[in-house]
Amino acid sequence: MTAIDERLAKPRPLDRLVVRPEIGALIGAVVVFAFFTVAADQFLSGDGVATWLDDASTLGIMAVAVSLLMIGGEFDLSAGVMTASTSLVTAILATEAGLNVWLALLVSLVFALAVGAFNGWLVLRTGLPSFIVTLGTFLALQGLNLGVTKLVTGTVAVSGMRGTDGYASAGFVFASTVDIGGTKFQISILWWLGVAAAAAWLLVRTRFGNWVFAVGGSAQSSRAVGVPVARTKILLFMGTALAGWLVGSINILRFATVQANQGIGLEFQYIIAAVIGGCLLTGGFGSAIGAAIGALIFGMARQGIVFARWDNDWFMLFLGVMLLSAVLVNNAFRRRAERVRR
Amino acid sequence: MTSCRFGKVAALGAVAAVLLAACTGPAAEEESAAPTANAPLSSGPLKVAVVSHGTAGDAFWNVVKNGAEAAGKELGVEVEYNADGDPGNQAKLIDNAVAQRVGGLVVSMANPEALKPSVEAAVHAGIPVITINSGEEHSAEYGALTHVGQSETIAGEEAGKRFKQLGKAKLLCVIHEAGNVGQAQRCDGAKTGFGGAVQDLQVDISNPADAESRIRGAVRSDPSIDAVLTLNSQVAARAVSAARAAGSKAQIGTFDLNSDVVAAIRTGDVVFAVDQQQYEQGYLPVLFLKLYRDNANVVGGGKPVLTGPDLVDKSTVDKVGEYVRRGTR
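Residues numbered from 1 in each chain as written. Chains lettered and ligands numbered in written order. Predicted model: local features only at pLDDT ≥ 70, side-chain atom pairs only at ≥ 80, totals over all residues. Heavy atoms only, no water.

Engineer: Give a detailed account of the overall build of chain A, specifying residues and quantitative values.
Structural biologist: Looking only at helices and strands, chain A features 14 helices and 4 strands. For 342 residues, the compact-globule estimate of 2.2 N^0.38 gives 20 Å, and chain A sits close to it at 21 Å. On the principal axes, the C-alpha backbone points of chain A span a range of 75 × 55 × 35 Å. Per-residue burial for chain A yields a buried fraction of 54% across its 342 residues. In chain A, the proportion of contacts linking residues at least 24 apart, taken out of those at least 6 apart, comes to 78%. Of the roughly 14,600 Å² of accessible surface on chain A, 67% is carried by carbon and sulfur atoms. If you average the places of the 23 positive and of the 17 negative side-chain charges in chain A, the two averages end up 12 Å apart. (Helix = DSSP H or I, 4+ residues; strand = E, 2+ residues; numbered from the N terminus. Rg over C-alpha atoms; globule rule 2.2 N^0.38 Å. Buried < 20%, exposed > 50% of the residue type's maximum accessible area, 1.4 Å probe, protein only. Contact = heavy atoms within 4.5 Å. Areas by Shrake-Rupley, 256 points an atom, 1.4 Å probe, with all protein chains shown as cover. Lys, Arg positive; Asp, Glu negative; His and termini not counted. Charge placed at Lys NZ, Arg CZ, Asp CG, Glu CD.)

The following block contains the structure:
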């Protein structure tokens, strides 16, 4: 081995596997899956699988977008409330203003992208941590959601989407079910797979993906080598807003109603899923597929506990222990990965 | 490169189109006549899933849970209680119960429209459903056997009426969960029942110190407020100390009981508590589902079974207080 430069040496297959950021999440997913398959009767039935995939799907869409942003070195705390804001914009325009659902969706898309761009612009313009800036937007959106909803409808929820123009066709795209072997799977699962695939491709196969890793690793050195830092980061913030819009659209068309306090606190679940999936809180390292798997673990555990008929008083404890162990496994692998690289 | 990317996009589009062809839109779900293979077992122990919109550790819902579990123990029914305050997550818990092929389902419908597809899917799978607490107006429409609960609006009206009888002029209605439909209905009901001036105040239940100072600020800045209605027993205790600190003459009435409220009614700090006897909302549905399975019994005759409101005041507080302590009132 001394004869060859170690940088040219071909790593062993196992070592090549452990350097992947999503490996910890993958192992975690297999463990959780195996555990609940044994512990709960109906976990592996068609309806059971449809239930936990459904739970994982909307969380997964957001986690994937959030993972890209985290790799780019930023946070978005407004992501959870954004899912409610976009639902509310769509619902108010469709039910109160009588707009066609598609047009309402378009307006809320523009709204979401504008908020995302604003987040990114403000972070770059002020140099403040995105944690602070998006905390501001989080609070502002929360207030807007409640204030506007009460102002327009006189109550704290908007409902009645099922009777609006274009509901059937929009619902077909965002909230229909696919029948596979007599079991109905939510179409949000397809969106989740599509978003994860698109994000993974964007991250590892395109120039933009390289920029994302670069600005997350070191914004200054990437600026020095000509990476458009501002554009990359703003686009990433718009990405989480876009995902928020997608999930908001899926929710409003599926449940046909939206409460003004929906989505609050979910932003942490997105970050948790991304971290389980191998994203570093410091940026520059992570994986979109990993985040999608992180969401899968979440969904399997959350529904698996119900399938196993455990007392739900202990649910949060289990979730916390599971998250910690997933992150610890990740950490161990990352350390091993760094040894392999050296 | 460009053409290659375009090819990929086109291929993805084609795949999506094929998959979409197998889809059923939410509006286009047709009902087939026979219940599917998911039909629950009709012999052996009855399994009942209770899915509420309460949050974990909530004092009110803990009593519902106690009621359901007590009924389960007494009647030999397996009862499983789950809860999530987010309507979407609650719908998923209902789907989960259907996937488990439970023998009966008990659902609180704080947001009926969001739960509609899941509740209907349960009914369609042949699972008898009983709604509790809220969602009375949609219960029958979605195919539930019956509804067990109190009408939030009626309960609010009763509270408002009681304040009116006490000769109050201006009422402050304290909402502790912004965005909760039921709480808005209670305050609206109180407005109707009270007839006089009613003002809403929003506080955050997870921050008791803030709740107390906001109530204090409200009664101090407007001395004409002589009645405060809180919608939760914990908030009631905050309102009592807020009124005292502000030197206000306002009297407190509240929804829901706990030992603090019982003590406060004894001392006269709280004039009444609207008790919807949620223990019954846990207990009765399990009993009804058991009777339905074993004897095809139904109750209510198409009307909801009302568990409240029962206004607890100084005259009844001693007896009720005992039951509050053991977690059944």
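Engineer: I'd like to hear about the packing of helix 6 (residues 152-165) of chain B against helix 7 (residues 181-194) of chain B, residue by residue, with values.
Structural biologist: All names here are of chain B. Following both chains from N to C, one finds helix 6 and helix 7 inclined at 40°, their axes separated by 6 Å at the closest point. Between helix 6 and helix 7, the angle is such that the two are oblique. The way helix 6 lies across helix 7 gives a crossing that is right-handed. When helix 6 is examined against helix 7, the residues E152, T153, G156, E157, G160, K161, F163 and K164 are found in contact with a partner set consisting of G182, Q185, R186, G189, A190, T192, G193 and F194. Of the residues belonging to the contact of helix 6 with helix 7, the class tally is 3 nonpolar, 8 polar and 5 charged. (Axes fitted to C-alpha atoms, helices over the stretch in contact; angles between N-to-C directions. Parallel < 35°, antiparallel > 145°, perpendicular 65-115°, else oblique. Left-handed = near helix turned anticlockwise from the far one by under 90°. Nonpolar A, V, L, I, M, F, W, Y, C, P; charged D, E, K, R; others polar.)

Engineer: Please set out the pattern of salt bridges residue by residue, giving values where relevant.
Structural biologist: Scanning the entire structure with this criterion turns up 22 salt bridges over all chains. Note that B:R186 and B:E152 form a salt bridge whose closest N and O atoms lie 2.8 Å from each other. Of this pair, B:R186 sits in helix 7 while B:E152 is found in helix 6, placing the two residues 34 residues apart along the sequence. Given a relative accessible area of 9%, B:E152 falls into the buried group. Linked by salt bridges that have partners in common, A:D54, A:R254 and B:D95 make up one network. (Salt bridge = Lys/Arg side-chain N within 4 Å of Asp/Glu carboxyl O.)

Engineer: Give me the lowdown on the sheet that holds strand 2 (residues 47-52) of chain B, citing residues and values where you can.
Structural biologist: All names here are of chain B. Strand order in the open sheet formed by 6 strands is 3-2-4-5-6-12, with parallel pairing between adjacent strands. Single-partner strands in this sheet number two, and they are strand 3 (78-83) and strand 12 (305-306). Here strand 4 (residues 104-108) runs beside strand 5 (residues 129-132); their pairing, made up of 4 bridges, is parallel. Bridge pairing in strand 5 places S108 opposite I132. (Pairing = 2+ DSSP bridges.)

Engineer: Any details on the state of the cysteines? Residues and values, ideally.
Structural biologist: Residues and elements named next belong to chain B. All chains considered together, the criterion is met by 1 disulfide over all chains. Paired by a disulfide, C173 and C187 hold their sulfur atoms 2.0 Å apart. The sign of the S-S torsion, about -85°, decides the handedness of the disulfide formed by C173 and C187: left-handed. On the criterion of sequence distance, the pair formed by C173 in strand 7 (residues 170-175) and C187 in helix 7 is long-range, its members being 14 residues apart. (Disulfide = S-S within 2.5 Å.)

Engineer: Requested: an account of empty space enclosed by the protein, with residues and values cited.
Structural biologist: For the structure shown, the criterion picks out 5 cavities of 30 Å³ or more. Within this model, the largest cavity holds a volume of roughly 220 Å³. Looking at the largest cavity, it is lined by 18 residues, and the ones nearest its centre are A:T58, A:N251, A:L266, B:D86 and B:N89. Secondary-structure elements contributing two or more residues to the lining of the largest cavity are helix 3 (46-71), helix 4 (79-96), helix 11 (229-255) and helix 12 (266-276) of chain A together with helix 3 (87-99) of chain B. A breakdown of the residues in the lining of the largest cavity according to their chemical character gives 6 nonpolar, 8 polar and 4 charged. (1 Å grid on protein atoms, 1.4 Å probe; cavity = no way out; pocket = protein on both sides within 12 Å on 5 of 7 lines; lining within 4 Å. Points joined across faces, edges and corners; volume = space filled by probe spheres on them.)

Engineer: Break down the nonpolar core for me, citing the residues and quoting the values.
Structural biologist: The biggest cluster of nonpolar side chains holds 98 residues, and the ones touching the most others in it are A:W52, A:L53, A:M70, A:V101, A:M161, A:W192 and A:L253. Looking at this core, the element that brings in the most residues is helix 3 of chain A, giving 16 residues. Sequence-distant contacts of A:M70, defined by excluding residues within four places in its chain, comprise A:F75, A:I271, A:A274, A:V275, A:C279, A:L280, A:L281, A:G283 and A:G284. Listed in part, the 30 residues of the second largest apolar core include B:A211, B:A239, B:A242 and B:L257. (Core = buried A, V, L, I, M, F, W, Y, C linked by side-chain atoms within 4.5 Å.)

Engineer: Would you mind going over the sheet that holds strand 8 (residues 197-202) of chain B in detail, with residue names and values included?
Structural biologist: Residue and element names in this part refer to chain B. In space, the 6 strands of this open sheet follow the order 8-7-9-10-11-13, with mixed pairing throughout. Strands at the two margins of the open sheet, each flanked by one partner only, are strand 8 and strand 13 (310-312). Neighbouring strand axes in the sheet, compared pairwise and without regard to direction, differ in orientation by 20° on average. Across 4 bridges, strand 10 (residues 251-255) lies against strand 11 (residues 270-275) in parallel orientation. Across the sheet, G253 pairs through a bridge with F272, a residue of strand 11. Seen against the sheet, helix 9 (residues 233-245) touches strand 7, strand 9 (227-230), strand 10 and strand 11 and runs at an angle of roughly 170° to strand 10.

Engineer: Help me get a handle on the pairing of strand 9 of chain B, residues and values and all.
Structural biologist: All names here are of chain B. What you see with strand 9 is no split at all: A227 and L229 on one side and V228 and T230 on the other are buried throughout. One ladder, built from 4 bridges, connects strand 7 with strand 9; its direction is parallel. Considered in strand 9, the bridge of L172 is made with V228. In this structure, strand 9 lies alongside strand 10, joined through 4 bridges in parallel fashion. Across the sheet, V228 pairs through a bridge with I252, a residue of strand 10. The parallel pair strand 9 and strand 10, bridged by helix 9, forms a crossover whose chirality is right-handed. (Right-handed = clockwise from strand over helix to strand, strands pointing away.)

Engineer: Quick one: what's the story with a nonpolar patch on the surface, residue by residue and with numbers?
Structural biologist: All names here are of chain A. A cluster of nonpolar side chains, namely L128, F131, I132, L135 and L139, defines an oily patch on the protein surface of about 430 Å² accessible area. By the secondary structure assignment, L128 is in the loop between helix 5 (101-126) and helix 6 (130-153). Judged by its relative accessible area of 41%, L128 falls in the partly exposed class. (Patch = residues over 30% accessible without salt bridge, like charges linked within 9 Å, V, L, I, M, F, W, Y side chains within 5 Å.)

Engineer: Which residues make up the interface of chain B and chain A, and what values do they have?
Structural biologist: At the interface, 43 residues of chain B touch 47 residues of chain A. With both chains or domains summed, chain B and chain A bury close to 3,900 Å², and 51% of this area falls on carbon and sulfur atoms. Across the contact surface, chain B and chain A share 4 salt bridges. Residue A:R162 pairs with B:E113 through a salt bridge whose shortest N-O separation is 3.7 Å. The interface formed by chain B and chain A contains 9 residue pairs in polar contact (both at pLDDT 80 or more). (Buried area = accessible area lost by both parts, 1.4 Å probe. Polar contact = N/O pair within 3.5 Å; in protein donor to acceptor, adjacent residues only side chain to side chain.)

Engineer: Just give me the short version of the packing of aromatic side chains, but keep the residues and values in it.
Structural biologist: Between two aromatic rings, the relevant description is the distance of the centres plus the angle of the planes. Residues and elements named next belong to chain A. Taken as a whole and assessed by the stated rule, the structure comprises 16 aromatic pairs over all chains. The interplanar angle of 35° and the centroid separation of 6.4 Å between the aromatic rings of F118 and W121 together place this pair among those described as tilted. Of the two residues, F118 and W121 are both situated in helix 5; the distance of 3 residues between them amounts to about one turn of the helix. The exposure class of F118 is partly exposed, given its relative accessible area of 39%. Taking relative accessible area as the criterion, W121 reaches 43% and is therefore assigned partly exposed. Each residue in the set F33, F35, F36, F43, W52, F307 and W310 is aromatic and connected to the rest through ring pairs, giving one cluster. (Phe/Tyr/Trp six-rings, centres within 6.5 Å; stacked < 30°, edge-to-face > 60°.)

Shape descriptors only; they carry no functional weight alone.
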